[in-house]
Amino acid sequence: MTQAAEPFDDPDSAPIEALLQRISSARVVLLGEATHGSSEFYRMRARITRELIEHHGFDFVAFEADWPDAQRIDTDVRHLDIQPPDWQAFARFPTWMWRNTEVHRLSDAICVQTR
């Protein structure tokens with residue numbers, strides 16, 4: 001793993017062109033994570049996802065999340081006119097993993113690309 005790793009200092013400015021070149025022709029790209037809450041990982045995952053959607057023709061994103069909560073994002077992305085339930089999304093466990101700026105920015109980026 002050490003030989004294959006490509007370290008970087010900042011997820012917002014790290015060079016990802018070589019990575020995108022390697023993965024952009026795949027049918028499925030899995031961007032898992034082992035940190036459950038690291039801002040840096042979430043920002044990099046969002047950046048890679050945006051690039052794959054905007055420049056490489058990807059049009060499907062799946063999240064590991066509670067469906068009732070994730071349905072709110074799905075409804076926005078697909079521009080469905082469904083009245084949300086009267087409870088607050090992503091207010092249950094694990095709130096710190098979903099109710100953060102990085103996930104909000106990622107869902108906004110995905111929504112913009114589908115308009």
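In this report, we go over the structure that sits alongside the text. Sequence order as written defines the numbering, with residues in each chain counted from 1. Selection of residues for local features in this predicted model requires a pLDDT of at least 70, selection of side-chain atom pairs for listing and counting requires 80 or more, and totals for whole chains, interfaces and linings are taken over all residues. In computing side-chain values, all of the structure's heavy atoms are included and hydrogens and water are not.

1. A word on the packing of aromatic side chains
Ring pairs (aromatic) are described by centroid distance and by the angle formed between their planes. A pair of Phe, Tyr and Trp rings is counted when the ring centres sit within 6.5 Å of each other, with Trp represented by its six-membered ring. The angle between the planes then sorts it: under 30 degrees is stacked, over 60 is edge-to-face, the rest tilted. All told, the structure shown has zero aromatic pairs when counted by the stated rule. The rule for a charge over a ring is simple: NZ of Lys or CZ of Arg within 6 Å of the ring centre, and within 35 degrees of the ring normal. The ring centre of Tyr-42 lies 4.7 Å from the NZ or CZ of Arg-45, which sits over that ring.

2. Side note on the side chain of Arg-45
Mapped onto the elements of the fold, Arg-45 is located in helix H2 (residues 39–56). Think of it in three bands: with a 1.4 Å probe and only protein chains considered, a residue is buried below 20% of the maximum accessible area for its type, exposed above 50%, and partly exposed in between. Among the residues examined, Arg-45 registers a relative accessible area of 16% and is labelled buried. Secondary structure counts use DSSP, requiring at least four H or I residues in a row for a helix and at least two E residues in a row for a strand, with both numbered from the N terminus.

3. Thoughts on H2
Because an α-helix packs 3.6 residues into every turn, residues spaced three or four apart end up facing the same way. To estimate how far a helix should extend, the number of its residues minus one is multiplied by 1.5 Å. Between its terminal C-alpha atoms H2 stretches 25 Å, which fits the 26 Å expected from 18 residues at 1.5 Å a residue. All buried positions along H2 are accounted for by Tyr-42, Met-44, Arg-45, Ala-46, Arg-47, Ile-48, Thr-49, Leu-52 and Ile-53. Just downstream of H2 lies Gly-57, where phi reads positive at about 80°.

4. As for unusual backbone geometry
Of note in the backbone geometry, His-79 takes a positive phi value of approximately 55° without being a glycine. Along the polypeptide, His-79 turns up in the loop between helix H3 (67–77) and helix H4 (95–98).

5. So, the pattern of salt bridges
Note on definitions: salt bridges are taken to be side-chain nitrogens of Lys or Arg within 4 Å of carboxyl oxygens of Asp or Glu. Counted according to the given criterion, the structure contains four salt bridges. In this structure, Arg-22 and Glu-6 form a salt bridge, with 2.9 Å as the shortest nitrogen-oxygen distance. Of this pair, Arg-22 sits in helix H1 (residues 17–23) while Glu-6 sits in the segment before H1; the two residues are 16 residues apart in sequence, bridging distant segments of the chain. Residue Arg-22 is classed as partly exposed on the basis of its relative accessible area, which comes to 49%. A salt bridge links Arg-78 to Asp-74, with the shortest nitrogen-to-oxygen separation between them at 2.9 Å. Salt bridges here are not isolated pairs; linked through shared partners, they connect Asp-10, Asp-12 and Arg-43.

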